[in-house]
Amino acid sequence: MAENVTEKQIKTIELPGSLTVRELADLLEASPIQIIKTLMSNGVMANINQQIDFDTAAIVAAELGFEASMQQLDQLETQDTGEVPLWRQLIASEDKQNLKPRPPVVTILGHVDHGKTTLLDAIRQTSVVSQEAGGITQHIGAYQATHKDRLITFLDTPGHAAFTAMRSRGAQGADVVVLVVAADDGVMPQTKEALAHARAARVPMVVAMTKIDRPNANPERVKQQLAESGLVPDDWDGDTIVVPVSAKERTGLQDLLEAIQLVADNTEILANPDGDIFGTVIEAERDPSRGVIATLLVQNGTLKVGEIVVVGTAYGRLRAMFDFSGQKLEQAGPSTPISVLGLNDVPAAGEPFRTVETEREARALVSERSEKEKQEKGQASGSLTLEGMFAAFQAGKVRELRLVVKADVQGSLEPIVSSLGDMKADDKVGQIGVHILHTGTGNISESDVALAAASKAIVLGFNVEADAAVMRQAEAEGVSIRLYDIIYRMTEDVEKALKGMLEPELKERLLGKAVVQQVFKISRFGKIAGCRVTEGELRRNALVRIVRDDKVIFDGELTSLKHEKDDVKEVREGFECGINLKEFNDFKEGDIIQCYVRELVAVQ
Ligand code: GDP
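Heads up: these notes are all about the structure in this document. (Residues numbered from 1 in each chain as written. Predicted model: local features only at pLDDT ≥ 70, side-chain atom pairs only at ≥ 80, totals over all residues. Heavy atoms only, no water.)

## Digging into the environment of valine 571
Part 1 of the reasoning: As for its position among the elements, valine 571 is in strand E34 (residues 570-572).
Part 2 of the reasoning: Linking valine 571 and arginine 540, residues 31 residues apart in sequence, is a C-alpha distance of 8.9 Å.
Part 3 of the reasoning: Aside from chain neighbours lying at most four places away, what touches valine 571 is Val533, Gly536, Glu537, Leu538, Leu561, His563, Glu576 and Cys577. (Helix = DSSP H or I, 4+ residues; strand = E, 2+ residues; numbered from the N terminus. Contact = heavy atoms within 4.5 Å.)

The following block contains the structure:
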């Protein structure tokens, strides 16, 4: 009867982007056999450890009386648009009928040494149509390759770990991310980080499985790891195209370009070539003879020589324009990378530019910006704290609380992620949810802070630490790090932050003390204090205070710590050690050394 149908209970369940048959069985409280049978009846043959994607899992769930929705972590495409880069918002505000297809802008991300640079070079050498035989190919941070008579713009951003922030900007500016994973090494920490960047920027991904020529390449293992990270390969019925390539032997490159175009064709990659002119700075430098050279990516409109460009607090009339191969250009349309001469100052990479009609307008804009920058500098530092976030929520600027979560072991990470992921709060404007950008085990690293800074997130640590260098970086970038050793304190704080009730508190934690017993003079290093640890421990890169006659005579970083002749990370109570400080050289016997860290902690 109809009544029975409406009364039949439909339960709701959240499922991740991919999971194994066993995990699905657990979640649905069914036996794995039942799941396998249901999959079979839908034409999918799977064993108990096989990964299935969300769509497949949702079908199984539906047959067992569940309505499935995708977990927060993978809901990126459907999330609100609070963090959509400015250029995308501007293009979206153009009149639809004026929008024309433009070449996709691609950025290559991945773990160090997995072959990003080699791949970019191989594509450049095989697929760049050189306008002039023997023409100089200069490195301007971007180039355009041709595949089947269509252009693809590659951003050639450095792949070094120190460039995390820049890489994330790369993801912001890109339409497609190529995630490089070496077939002989698999998914590594920076692969996951890159994945988090691409997800945070809501950019579709293609996986290039590089070094496939290596004898120890293990593509199946890599695919398994990718699936575990939520990128289920297409030949496993998932949505992620995984292309095996060898940059060394030049195989698979055309397939990769094909895959990029396929993914690009599934997204609307449009701009108005006759609209307002704007774009983003890829890189810039000052050349001693030619002045400021900036590489710009035009994202809308058509930029011409002679036009006046304003970028940040730099401006100028463009004297000349070159394409990536050094050819002179008179104009450049959407998705074209160009290097330009004529700006009066070096703009920052990632900064948006636009054109104005007159130099006077440019000057007015720049002076207004410099003024604003000065005013905002003080306020900005507070904006990435849990406290500052609430103000941003209320102003409608941010509609989610973004988190980077680190824990000591996987076992503690899982309950944290699942309890945080579900949190929501209502405020005047609507609902605020938690968006976990990245999770991992181990101490908080500089790249965690860089990711948090680039995506306006907060770093939460459970049973982990952040060393002094990381703390300093966090301070400089205005990122808040919160450390906990009790899970419910962490969840309580996040809840408070969502409700806007949190008070900040900066606390110091003493790690240990030592007393100077002897002072050695070593000409190469200056003075070394031979100490005995009397309490707790001394830790390299933590902060130290030197106390003499009850007065603090130095406060700074513990730069070098030795036990006997070896450099060590820490020395515990009862042991002897040698200390050398970069900024202090005046040790005396009897000086007390206090070693401490500075942490932001929750109000108890
Ligand atoms: P990046 O740090 O990701 O830019 O990595 P690189 O492009 O510098 O490559 C790291 C190392 O892997 C270099 O020694 C490359 O020669 C090597 N390499 C890169 N791609 C391939 C490949 O397809 N096959 C083989 N055998 N080696 C590769």
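## Observations concerning the site of the ligand
Part 1 of the reasoning: Near the ligand you find 14 residues, and of these Asp113, Lys116, Thr117, Thr118 and Asp213 are the closest.
Part 2 of the reasoning: Contact between the ligand and aspartate 113: an oxygen atom at 2.7 Å from a main-chain N or O atom of the residue.
Part 3 of the reasoning: In the model, an oxygen atom of the ligand is placed 3.4 Å from a nitrogen or oxygen of the lysine 248 main chain.
Part 4 of the reasoning: When the free accessible area of the ligand is taken as 580 Å², the share hidden by the protein chains comes to 75%. (Near = heavy atom within 4 Å. Polar contact = N/O pair within 3.5 Å; in protein donor to acceptor, adjacent residues only side chain to side chain. Areas by Shrake-Rupley, 256 points an atom, 1.4 Å probe, with all protein chains shown as cover.)

## Looking at helix H4 (residues 54-63)
Part 1 of the reasoning: Where H4 is concerned, the buried positions are Phe54, Thr56, Ala57, Ala58, Val60 and Ala61.
Part 2 of the reasoning: Remark: glycine 65 follows H4 within two positions and exhibits a positive phi of approximately 90 degrees. (Buried < 20%, exposed > 50% of the residue type's maximum accessible area, 1.4 Å probe, protein only.)

## Some words on the sheet that holds strand E13 (residues 278-287)
Part 1 of the reasoning: Taken together, the eight strands give an open sheet; going across it, the order is E17-E16-E22-E13-E14-E21-E18-E19, and neighbouring strands pair in antiparallel fashion. Each having just a single partner strand, strand E17 (314-317) and strand E19 (328-329) make up the two edges of the open sheet.
Part 2 of the reasoning: Bridge analysis of E13 against strand E14 (residues 291-300) gives nine bridges, and the strand direction is antiparallel. Its bridge partner lying in E14, valine 281 is registered against leucine 296. (Pairing = 2+ DSSP bridges.)

## Considerations on the nonpolar core
Part 1 of the reasoning: Residues Leu119, Ile123, Tyr143, Phe154, Val178, Leu256 and Ile260 are the most contacted members of the largest nonpolar core, which totals 30 residues.
Part 2 of the reasoning: Breaking this core down by element, the ones donating at least two residues are strand E6 (105-110), helix H6 (116-127), strand E7 (142-147), strand E8 (150-155), strand E9 (176-182), strand E10 (205-210) and helix H10 (253-265).
Part 3 of the reasoning: In this structure, leucine 119 is in contact with Ile108, Val180, Ala208, Thr210, Val245, Ala247, Leu253 and Leu256, ignoring residues within four places of it in sequence.
Part 4 of the reasoning: Listed in part, the 23 residues of the second largest apolar core include Val516, Ala542, Ile546 and Leu561. (Core = buried A, V, L, I, M, F, W, Y, C linked by side-chain atoms within 4.5 Å.)

## Remarks on the sheet that holds E9
By way of backbone hydrogen bonds, the strands of a sheet pair with one another, either parallel or antiparallel.
Part 1 of the reasoning: Within the open sheet, the six strands sit side by side as E7-E8-E6-E9-E10-E11. Their pairing is mixed. Every interior strand has two partners, whereas the edge strands, E7 and strand E11 (242-244), have only one. Each strand of the sheet is rotated relative to its neighbour by a mean of 30 degrees, with strand direction disregarded.
Part 2 of the reasoning: Taken together, the six bridges between E9 and E10 define a ladder with parallel strand orientation. Its bridge partner lying in E10, valine 181 is registered against methionine 209.
Part 3 of the reasoning: Contacts from H6 reach E6, E7, E8, E9 and E10 within the one sheet, and its direction differs from that of E7 by about 55 degrees.
Part 4 of the reasoning: Running at roughly 170 degrees to E9, helix H8 (residues 189-200) makes contact with E6, E9 and E10 of the sheet. (Axes fitted to C-alpha atoms, helices over the stretch in contact; angles between N-to-C directions.)

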